[in-house]
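As a plain string of letters, each chain reads:
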Amino acid sequence: MPIDCIAGTSMGAVICGLYASGMSAAAIEKALAGVDLTDVAFDREARVDQPQAVRKDNLDYPVSLPLGFGSDGVRSASGLIQGNRLLALLQQHTGRLPGDVNFDDLPVPFRAVATDIETGDKIVLRRGSLPQAIRASMAVPGLFAPVVLEGRTLVDGGIADNLPVDVAKQMGADIVIAVDIGTPLKRANQLTSMASVTQQVIGALISQNVRSQRANLGAADILLRPDLSGLAFTDFADAGRGIAAGAVAVDSSQVQISALSLTPQAWTAYLAGRNEHAFLPEGTKVDRVEVVANGRVPASRVRQALRTKPGDAYDPRTIEQDLAALNSTSDFENVADSLTGTDGDRVLRVTANSKSWGPNFLLFGLGLQSNFSGDGAFALRVGHRMPWITQSGLEWRNDAVLGSRDLMLKTELRQPPFSQDGLYLAPFASIKRNLLDVYDDDQPDGAPPMMKLRQQEFRVGLNAGLPLGKLGEIRAGIARVHTSSTLMTAAPTVMVSLDGDDSVSVPIAPDSSSETVGRVEFEIDQLDDVLFPRHGYYVDGYAEMALDQSEGRYNTAHIRALWAESFGRHSLNAAFETGGQFGNKDVGRYTFDLGGFQHLAAYAQNQFSGNYVMYGRLTYLAQLKHFNSGPIRGTFAGASLEAGNVWNSSSAFARGPWRASASAFLGATTSFGPVYLGVAMAPGGARNVYFQLGNQF
């Protein structure tokens, strides 16, 4: 059936725009079936493609809340989703079209409908960048960030005209085939998330203008209304159901549609006569490269990432790869490109918009744990990032942990001396304080702690960091460290033997020390998801040595590893941890601890403390349900087997006795982090019921 012109709004603009560019319906279905549309729509990119600093922040601060502040107060992003992956997908399939194309010159003349957010007017897009026009047409308010085109701030066209029958008739259509993909409004008790409320509001507005557009249909026109009950506009993973519903709707109007069809010979002639002049000729050269940088990030940062230079052949795939790498740095709200001009003056223009809710950006994480027996803790993590203080890339980073047991404050400046993606220098200062319950190993499990200890550490130093490609990062540095401990309860005593058979009771005394240390640490993060890892691995570790190896100085090393693999809905992950002192005699510090959720879950939080640790865990997880949007992203059930212990002397390290724990739990991945509710048991009768919110290694 010949299509002489086509107009679309929102998701309809995506399909119509791709069809207008020359793709057949079968080619569009094949192209979209080859990607995860949910990941594309929600801007989810593979974590392994992100810089390590971004992966680290996602691990420490899982709360998805784009918030910042500046001279004009606290601000948030204009949309939860920037739409960069969608724009890249559209560019990938329309890369042969210039960025200043007249939509009448496409193989099928096309119009996209958007809404001016300042006036509420319907805006019909007729020329320019086809991907940008499509992206603007489906910028659902509150979900997708608006798009600025020719001075107008545009959002989803469905608000003004979701069924653009009038636009098609203005383009000269004698017969209009209108496809109404609106979904029925929900009852109030069915609105269970921010996305569902947004959809309901937009749906109410849309239903009004759709009714008026239906009135424009004549007797010869065809109205298709697929039954999309049970589908929301965020259900991209269920696109197959929508396609099937569309096929049923077409079948119901088969007689009318068949009357418009051509014979095979006439169809071939129709395709041969379509306009192909809009496409860029093979071997098109880029004559100039222009970078427009809006915000604090300088144009030099964008130029550094672009491999395309003046005189190079225009390669849309290479350009999109470079822009994707820029978007992954977390410096930009969006980065887009277009090729305009004529032969001899082709201009590749890259527009990079820094995040609009800065220049100070806030990050959040939340932790809460309880065994429902009075032993619990909470912690609020807050991060502050102020990138691009200078044109050379100076960044100020602050991290804080405010909790019932732990307090941590750290400030750091990062300066890359050469390139933004390479070596950096980082002077820093930090203070840590934690409350530790110290238990007597000779007492039975369940006995109260013999003392409460407050440990404090202050550091000031200089680090040098180097990214390890896409694997992770290594850091080395020197610091001055002051540590101290304070008893929060009455001092317990230990019996010390004297000459002969005599002994004396000696109270345990707190201590303090100051020393200069050298430290090397590394982090390799290849996990696919910070909340529910299904594939990949994570390893981090450090070694720290006092530069003065006199009496009382100590050196420590520590390493952790996590591996995850999945088989359908079933996942296995394994964790291992070990650490201790080295190079000097044992010094009495409570450096490592075990006890609590996924750290010997049958025992109290940090019940076992010592100078050496070894621990292992094997966990099975079954994904019960996955949600595409809303505060709860998925639910799961699982079970863990754990074993490990701590020791105070190198002679006893890893030689037993070993403590074991087994647990079963239900959990959910949420916007605030993973949530667990479970029960754990250990040999000897120790048991625990626990609730945990937040990441736990």
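Residues numbered from 1 in each chain as written. Predicted model: local features only at pLDDT ≥ 70, side-chain atom pairs only at ≥ 80, totals over all residues. Heavy atoms only, no water.

So, the overall build of the protein chain
Regarding its fold elements, the protein chain presents 14 helices and 36 strands. With respect to the three principal axes, the spread of C-alpha positions in the protein chain is 115 × 55 × 45 Å. A total of 697 residues make up the protein chain; the buried ones form 47% of that total. For the protein chain, long-range pairs separated by at least 24 residues make up 61% of all intrachain contacts whose partners lie at least 6 apart in sequence. Total accessible area computed for the protein chain in this model is approximately 32600 Å², and 58% of it derives from carbon and sulfur atoms. (Helix = DSSP H or I, 4+ residues; strand = E, 2+ residues; numbered from the N terminus. Buried < 20%, exposed > 50% of the residue type's maximum accessible area, 1.4 Å probe, protein only. Contact = heavy atoms within 4.5 Å. Areas by Shrake-Rupley, 256 points an atom, 1.4 Å probe, with all protein chains shown as cover.)

Some remarks on the environment of Gly685
With respect to the helices, strands and loops of the structure, Gly685 is situated in the loop between β35 (673-681) and β36 (687-693). Given the relative accessible area of 47%, Gly685 is considered partly exposed. Considering only alpha carbons, one finds Gly685 and Ala602, 83 residues apart in sequence, at a separation of 9.3 Å.

Some remarks on the sheet that holds strand β15 (residues 332-340)
Taken in spatial order, the 3 strands line up as β14-β16-β15 in an open sheet, and their pairing is mixed. At either end of the open sheet lies a strand with only one pairing partner, and these are β14 (288-294) and β15. This sheet shows a mean twist of 15° between the axes of neighbouring strands, independent of strand direction. Sitting on the sheet, helix α14 (residues 316-327) is in contact with β15 and β16 (347-354), with an inclination near 160° to β15. (Pairing = 2+ DSSP bridges. Axes fitted to C-alpha atoms, helices over the stretch in contact; angles between N-to-C directions.)

Thoughts on the pattern of salt bridges
In this structure the tally under the stated criterion is 33 salt bridges. Between Arg397 and Asp57 there is a salt bridge whose closest N-O contact spans 3.5 Å. Here Arg397 is found in strand β19 (residues 395-403), whereas its partner Asp57 is found in helix α4 (residues 52-60), with 340 residues between them in sequence. Each member of the pair, Arg397 together with Asp57, is buried. Notably, a salt bridge pairs Glu412 with Lys410, separated by 3.9 Å at the nearest N-O pair. Here Glu412 falls in the buried class, since its relative accessible area comes to 5%. A cluster of three or more residues bridged by salt bridges with shared partners is formed by Asp57, Arg385, Glu395, Arg397, Asp399, Lys410, Glu412, Arg414 and Arg475. (Salt bridge = Lys/Arg side-chain N within 4 Å of Asp/Glu carboxyl O.)

Quick word on the environment of Asp43
Within the element layout of this structure, Asp43 appears in the loop between α3 (37-41) and α4. Here the alpha-carbon distance between Asp43 and Leu80, two residues 37 residues apart in the chain, equals 9.6 Å. The contacts of Asp43, once residues within four sequence positions are left out, are Ile81, Gln82, Gly83, Asn84, Arg85 and Leu86. A distance of 3.2 Å separates a polar side-chain atom of Asp43 from the backbone nitrogen of Gln82. (Polar contact = N/O pair within 3.5 Å; in protein donor to acceptor, adjacent residues only side chain to side chain.)

Description of the nonpolar core
In terms of nonpolar packing, the biggest core is built from 55 residues, with Phe103, Leu106, Phe110 and Leu125 touching the most fellow members. No other element matches helix α1 (residues 11-20), which puts 6 residues into this core. In this structure, Tyr603, Val613, Tyr676 and Ala686 belong to the second largest nonpolar core, which totals 20 residues. (Core = buried A, V, L, I, M, F, W, Y, C linked by side-chain atoms within 4.5 Å.)

Focus: the pairing of strand β17 (residues 360-370)
Relative to β17, strand β2 (residues 63-70) runs antiparallel, the two being bridged by 4 bridges. Paired with Phe69 across the two strands is Asn360, which belongs to β17. As defined by bridge partners, β17 adjoins strand β18 (residues 376-386) across 10 bridges and the pair is classed as antiparallel. The residue bridging Leu366 from the neighbouring strand is Leu380, located in β18. Counting the residues that bridge the hairpin from β17 to β18 gives 5 residues, and of these Phe372 lies at a positive phi of roughly 60°.

A closer look at the packing of α1 against helix α2 (residues 25-33)
Packed helices, taken two at a time, are described by the angle between their axes plus the distance between the axes. With their axes 9 Å apart at the nearest point, α1 and α2 run at an angle of 125° to one another. The orientation of α1 with respect to α2, classified from their angle, is oblique. Two packed elements cross with a definite hand, and for α1 against α2 that hand is right-handed. Side by side, α1 and α2 meet where Ile15, Leu18 and Tyr19 of the first sit next to Ala25, Ile28 and Leu32 of the second. Among the residues forming the contact of α1 with α2, the class breakdown is 6 nonpolar, no polar and no charged. (Parallel < 35°, antiparallel > 145°, perpendicular 65-115°, else oblique. Left-handed = near helix turned anticlockwise from the far one by under 90°. Nonpolar A, V, L, I, M, F, W, Y, C, P; charged D, E, K, R; others polar.)

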